[in-house]
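Working through the structure, step by step
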Amino acid sequence: DGGITQSPKYLFRKEGQNVTLSCEQNLNHDAMYWYRQDPGQGLRLIYYSQIVNDFQKGDIAEGYSVSREKKESFPLTVTSAQKNPTAFYLCATEPGPGGVNTEAFFGQGTRLTVV
Amino acid sequence: KNQVEQSPQSLIILEGKNCTLQCNYTVSPFSNLRWYKQDTGRGPVSLTIMTFSENTKSNGRYTATLDADTKQSSLHITASQLSDSASYICVVTLFRNSGNTPLVFGKGTRLSVIA
């Protein structure tokens, strides 16, 4: 996990509720990412942020929102508009643009279940 | 379209045996290729990272190869152990200024090592 903390580890949400997943890092990395992982599927990008106060939609951003007010934090809100939110959510960080040997570090994930 | 294809989808081997996992990609412009190990319910952990000019890289019993001409990579695991049971994910990185989603993930190979 290398200095990336995701919380909570397990989260249960009632239908129609918004929930926020936390991702905090102390690696001083510029770039942060949110991915969703479903059984038998590869990781799919929800949102990413290269610098503070800026973020970009990924491939499956609908029903999700993010903020990047601080370099260390990149919370993900799963809104009621996300119709199938049950999944494993992973946060990742990278040092930033440039450097062909940079690698992504992942948190331990949050498993979200709709009840 | 930028894609990463992995094979086989799943694999079962006996403890102590070797195995090789495959990754083919159609990603451009290429920056680097990474192999990650993901234990069930946890975040991926980096095994190797290779740039365009590197043909092989080892990390203990894990050896990755890269053929940039054919756009193929492999991950060879020697003398497998029960703890090697996990999903192995191939990830290709695009150059940052390409304007595309920076990381392209394969769906992974699920390896089960049995006694």
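The rules behind each value
- Within each chain, residues carry numbers counting from 1 in the order of the written sequence.
- As they are written, the chains are lettered A onward and the ligands numbered 1 onward, keeping that order.
- The predicted origin of the model limits local features to residues at a pLDDT of at least 70 and limits the giving and counting of side-chain atom pairs to 80 or more, whereas totals for whole chains, interfaces and linings rest on all residues.
- With hydrogens and water stripped out, all remaining heavy atoms of the structure feed into the side-chain values.
- Per the convention used, a helix needs a DSSP run of H or I reaching at least four residues, while a strand needs a run of E reaching at least two, with both numbered from the N terminus.
- Residues count as neighbours in contact if any of their non-hydrogen atoms are within 4.5 Å of one another.
- Note on ring pairs: Phe, Tyr and Trp rings are taken, using the six-membered ring of Trp, and paired if centres are within 6.5 Å. Classes follow the plane angle, with under 30 degrees stacked, over 60 edge-to-face and the rest tilted.
- Categorising residues by exposure relies on relative accessible area from a 1.4 Å probe, with only protein chains included: less than 20% of the type maximum marks a residue as buried, more than 50% marks it as exposed, and the intermediate range marks it as partly exposed.
- Known as pLDDT, the predictor's confidence for each residue is given on a scale from 0 to 100.
- Paired strands, as defined in this entry, are two strands with at least two bridges between them according to DSSP.
- Simply put, an axis is a line fit to the C-alpha atoms, just over the touching stretch for a helix, and the angle between two N-to-C directions goes from 0 to 180 degrees.

A separate point is the environment of L21(B). Residues and elements named next belong to chain B. Assignment of secondary structure puts L21 in strand β3 (residues 19-26). Distance in space between the C-alpha atoms of L21 and L11 is 9.0 Å, their sequence separation being ten residues. Look past the residues within four positions of L21 in its chain and what remains in contact with it is S7, L11, W35, S73, S74, L75, Y88 and T109.

Using the criterion set out here, one finds ten aromatic pairs over all chains in the structure. Here the aromatic rings of Y33(A) and Y35(A) are separated by 6.0 Å at their centres, their planes lie at 20°, and the arrangement is stacked. Of the two residues examined, Y33(A) and Y35(A), each falls in the buried class. Grouped by ring-pair contacts, the aromatic residues Y33(A), Y35(A), Y48(A), F106(A), Y36(B) and F105(B) constitute a single cluster.

For the rest of this paragraph, the subject is the confidence of the model for chain B. Looking at chain B, pLDDT values average 92 and 95% of them are 70 or higher. Ranking the elements of chain B by mean pLDDT puts strand β10 (residues 103-105) of chain B last, at 89, and strand β8 (residues 72-77) of chain B first, at 98.

With that settled, consider the sheet that holds β8(B). All names here are of chain B. Sheet architecture is open: five strands sit in the order β1-β3-β8-β7-β6, paired in antiparallel fashion. With partners counted over all chains shown, the strands left at the sheet margins are β1 (3-7) and β6 (56-59), one partner each. Between one strand axis and the next, the sheet turns by 15° as a mean value, whatever way the strands run. Both β6 and strand β7 (residues 62-67) contribute to a ladder of four bridges, which runs antiparallel. When the bridges of β7 are listed, N59 appears paired with Y62.

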